[in-house]
Amino acid sequence: MTQTKELPKILLVDDIAFFRDVMQTYFQRTPAKVLTVGSGLEAFDLAVAERPELIYLDAGMPQMSGLECCRRLKADARTAGIPVIIIFTPERDAGVDEVEASGCDGYLTKPFGKEEFLNLGHRFLFHIERRERRVSCQMTVDFTIAGRDFRGRGHDISRHGLYVEFREELPPDKQISLSFMLPTVSTEQFTGQGRVTWLNQGFPRRNLKLPQGFGVEFQGAPEGLAEAIEAYLKQF
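Because the structure is a prediction, the values reported are computed rather than measured.

How each quantity is defined
Residues numbered from 1 in each chain as written. Predicted model: local features only at pLDDT ≥ 70, side-chain atom pairs only at ≥ 80, totals over all residues. Heavy atoms only, no water. Phe/Tyr/Trp six-rings, centres within 6.5 Å; stacked < 30°, edge-to-face > 60°. Buried < 20%, exposed > 50% of the residue type's maximum accessible area, 1.4 Å probe, protein only. Lys NZ or Arg CZ within 6 Å of the ring centre and 35° of its normal. Salt bridge = Lys/Arg side-chain N within 4 Å of Asp/Glu carboxyl O. UniProt positions renumbered as here; feature names shortened; annotations may be inferred. Helix = DSSP H or I, 4+ residues; strand = E, 2+ residues; numbered from the N terminus. Arc of directions from axis to C-beta. Contact = heavy atoms within 4.5 Å. Domains from an automatic or database assignment. Buried area = accessible area lost by both parts, 1.4 Å probe. Pairing = 2+ DSSP bridges. Axes fitted to C-alpha atoms, helices over the stretch in contact; angles between N-to-C directions.

Enquirer: Can you tell me about the packing of aromatic side chains, naming the residues and giving the values?
Expert: By the definition in use, this model includes 14 aromatic pairs. Centre to centre, the rings of F143 and F150 are 5.4 Å apart; their planes meet at 20°, and the pair counts as stacked. Judged on exposure class, the residue F143 and its partner F150 are both buried. Taking NZ or CZ as reference, R72 lies 4.1 Å from the ring centre of F44, over its face. Here K110 stacks its cationic end above the ring of F19, 5.5 Å away from the centre of that ring.

Enquirer: Explain the pattern of salt bridges to me, using residue names and the numbers behind them.
Expert: Considering all chains together, one arrives at 9 salt bridges under this definition. Between R78 and D76 there is a salt bridge, with the nearest N and O atoms lying 2.8 Å from each other. R92 serves as the salt-bridge partner of D93, at 3.4 Å between the closest nitrogen and oxygen. You can call D93 partly exposed: its relative accessible area is 22%. Since its relative accessible area comes to 59%, R92 is described here as exposed. Taken together, the shared-partner salt bridges in this structure form one network comprising E6, K9 and E50.

Enquirer: Which residues make up the UniProt feature "domain: Response regulatory" (unreviewed entry) in the protein chain, and what values do they have?
Expert: Listed under "domain: Response regulatory" (unreviewed entry) in the UniProt record, and renumbered for this structure, are residues 9-125. Here residues 9-125 runs as 40% helix and 21% strand, with 10 Å between its end C-alpha atoms.

Enquirer: Report on helix α6 (residues 225-233), specifying residues and quantitative values.
Expert: The set of residues buried in α6 consists of L225, A228, I229, Y232 and L233. Seen along its axis, α6 keeps its buried residues to an arc of 135°; they face one direction. Residues of α6 that are buried in the fold lie against β6 (135-136), β8 (148-157), β10 (175-181), β11 (189-200) and β12 (213-219).

Enquirer: For the domain arrangement of the protein chain, give the residues involved together with the corresponding values.
Expert: As far as domains go, the protein chain holds domain 1 (9-124) and domain 2 (135-234). With centres defined by C-alpha atoms, the gap from domain 1 to domain 2 works out at 30 Å. Facing the 7 residues of domain 1 at the interface are 6 residues of domain 2. Across the domain 1 to domain 2 interface the summed buried area is about 540 Å²; carbon plus sulfur atoms make up 35%.

Enquirer: Can you tell me about the pairing of strand β7 (residues 140-145), naming the residues and giving the values?
Expert: Alternating residues of β7 divide into V141, F143 and I145, all buried, and T140, D142 and T144, none buried. Here 6 bridges tie β7 to β8, and the two strands are oriented antiparallel to one another. Its bridge partner lying in β8, V141 is registered against G152. In this antiparallel pair of consecutive strands, β7 and β8, the connection spans 2 residues, and A146 shows a positive phi of 55°. Both β7 and β10 contribute to a ladder of 4 bridges, which runs antiparallel. Bridging across to β10, T144 finds its partner in S177.

Enquirer: Report on the sheet that holds strand β5 (residues 106-109), specifying residues and quantitative values.
Expert: One open sheet accounts for 5 strands, arranged β2-β1-β3-β4-β5; its pairing is parallel. Because the sheet does not close on itself, it has two edges, and the strands there are β2 (33-37) and β5. Neighbour-to-neighbour, the strand axes of this sheet turn through a mean angle of 15°, independent of strand direction. In this structure, strand β1 (residues 9-13) lies alongside β2, joined through 5 bridges in parallel fashion. Counterpart to V13 in the pairing with β2 is V37. Lying on the sheet, helix α3 (residues 66-75) is in contact with β3 (54-58) and β4 (84-88); it crosses β4 at an angle near 170°. Running at roughly 180° to β5, helix α5 (residues 114-124) makes contact with β1, β3, β4 and β5 of the sheet.

Enquirer: Describe helix α2 (residues 40-50), listing the residues and the values that go with them.
Expert: If you check which residues of α2 are buried, you get G40, A43, F44, A47 and V48. End-on, the buried residues of α2 take up no more than an arc of 130°, which puts them together on one face. For α2, exposure combined with an orientation more than 90 degrees from the buried face picks out D45 and A49. On the buried face of α2, the contacting elements are β1, β2, β3 and α3. The positive-phi residue at the C-terminal boundary of α2 is R51, with phi of around 50°.

See the structure below:
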């Protein structure tokens, strides 16, 4: 009789339920069992009981901070080998030196994008699926970064993001306002906010298969955009 292989476990720890829910949605395409708790004390006890393959741990929690929890995990032989990623806000929660001193295996500073979140986790757990289904798109994209207006060209799109072909140097600010139309499915001009999650410019480029440009994660997408993207994806 064939034995079913158990799914790897990922533990998400944050005292704010909203952030736990957001992180959990990031793993919709990942074949894993996702566990969530709201405190460092619960995280330590569950880690001992369940032995997850990866832990994402918020630093700024009451009672037991994420850094204290990480130190306890790394000091206990039962959990010392579990990779721990600390999530923190610099200056408010802790400094980078303090985070690294906790013994964590990696860290993310807030705010971060979905791609950054999953890419870092993939380093420790290859089961993590980082890529959504993307399809080619050809449309003009007007965008504003740091108060400056630019125009690029959409290259491909997914439910949560867009790759924009653009050859000029961008300002360092990651927040971006976007305006574009989705041909064949809507005559509406969609305008919304996003975050630049990665750059593919200069030499050497990170991905030579793509034209020079950058990736954007949608944030607070305008009403109707999600439905329009879904309709667009179904055409391919």
